[in-house]
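# Structural overview
Below are the chains, spelled out letter by letter.
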Amino acid sequence: MLIENLTPKRDHFTMAAEFNTQQRSFMIWPERQDNWRNGGKPAQKAFTNLAKVISQFQPITMFVNQGQYKNAKEKLTGIAQVVEMSSDDAWAKDVLPIYVHQNKIVRAVNFEFNAWGGLVDGLYFPWDKDNQLAIKVADLTNLDYYSSDVILEGCSILTDGEGTIITTEDVLLAEDRNTGMTKEFMESVLKEYLGVKKVIYLQHGYFLDETGGDIDNMINFVKPGELVLTWTDDQDDPLYEECSAAYDILSKATDAKGRHFKIHKLHVPAKQVLTKEESEGNDLVHGLMPRSIGQRLTATYVNFITINRAIIFPTFNDPHDKVACEQLTKLFPDRQIIGFPVREVLIGGGGLHTIVNSLPRF
């Protein structure tokens, strides 16, 4: 039920961290032929495999459009709960609710969504079904929810669960999201609707990220006060300047509790680019998502999924996969570290973190 005339801040709720205990995860079945190559079949196989991994640790629900229900149900029997729910694409983290809590009470927050840029720079049109999903899922899970008319995607912010949010100016202040948005006003929105006390801005996200520069390709939280950061030592790579600038900002910053961050650098794999075969697999019939041969993909190890007792991290068939696994094993000694081939998700324009939304439990 919609909570009117109140906000999470006024009710003393704050945004939940992803490393909190979770009730279940949610995914959305991929099918757009203008975004997922070869009619979405390779992506559907990847999503099924990912759901199978997640199901070993917690329940998972897959939302499916009407025309794909039978197909998804057959593939996911014994793996996931399949629920028919209309959507425009499959980016669950960006379009499903953001969760806040007060002690053991969890509520949802609904923000507006315009496909990462609306009619200016958006990646598809229409997006009205995706824009309804946060409220639908709040209702499905019997959660009271707050609602804001500000455009904000889940992957554009990350929290430590203790009052700190890290984000990028590229996205949160973008004119194609919220016309005339200022840093001061956005901070007031984040504090009012997510109950946070401090907002830290990086200027840029990952080089040529299709979303405009979401934070989840640049950093992730290990725990409060501790981060992993996308990194490259190649000074000829345009990403180097963005990583260096992010490190400089974060190394000088303090969180909501006054702590300086411990920062771990996770080196990116060799540059990943879209092949001719992958580019030609898309049908440009519905929206605004051209895929160009040689287009750089947002390959980073920090775009991992945190679930109960496990970290699922992206792999690229690259020597750095092993290094990243070793680093994450040391950083998360109480969680199982699982590599997952992410190529099919990358060529759809996103990453592992973008396709899973999880409901916390306190």
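Here the structure is a predicted model, which means the values were calculated and not measured. (Residues numbered from 1 in each chain as written. Predicted model: local features only at pLDDT ≥ 70, side-chain atom pairs only at ≥ 80, totals over all residues. Heavy atoms only, no water.)

## Notes on the sheet that holds strand β3 (residues 60-64)
Sheet architecture is open: four strands sit in the order β4-β3-β2-β17, paired in mixed fashion. With one partner strand each, in any of the chains shown, β4 (81-84) and β17 (357-360) form the two edges of the open sheet. Within the sheet, the average angular offset between the axes of one strand and its neighbour, ignoring direction, is 25 degrees. Here four bridges tie β3 to β4, and the two strands are oriented parallel to one another. The residue bridging T61 from the neighbouring strand is Q81, located in β4. (Pairing = 2+ DSSP bridges. Helix = DSSP H or I, 4+ residues; strand = E, 2+ residues; numbered from the N terminus. Axes fitted to C-alpha atoms, helices over the stretch in contact; angles between N-to-C directions.)

## Here we look at the nonpolar core
Counting 95 residues, the largest nonpolar core has M27, L50, I166 and I219 as its most contacted members. Sort the elements by how many residues they give to this core and helix α1 (residues 41-55) lands first, with six residues. Setting aside its immediate chain neighbours within four residues, I166 contacts S156, I157, L158, I200, L202, I215, I219, F221, L227, L250 and F261. Core analysis: the second largest hydrophobic core is formed by 23 residues, Y146, L172, V199 and Y201 among them. (Core = buried A, V, L, I, M, F, W, Y, C linked by side-chain atoms within 4.5 Å. Buried < 20%, exposed > 50% of the residue type's maximum accessible area, 1.4 Å probe, protein only. Contact = heavy atoms within 4.5 Å.)

## Considering the environment of Q66
One can find Q66 in the loop between β3 and α2 (69-76). With 22 residues separating them in the primary sequence, Q66 and D88 have C-alpha atoms 12 Å apart.

## Overview of the side chain of K93
Tracing the backbone through its elements, the reader meets K93 in helix α3 (residues 92-95). For K93, the contacting residues outside a window of four places in its chain are E18, G154, C155, H353, T354, V356 and N357.

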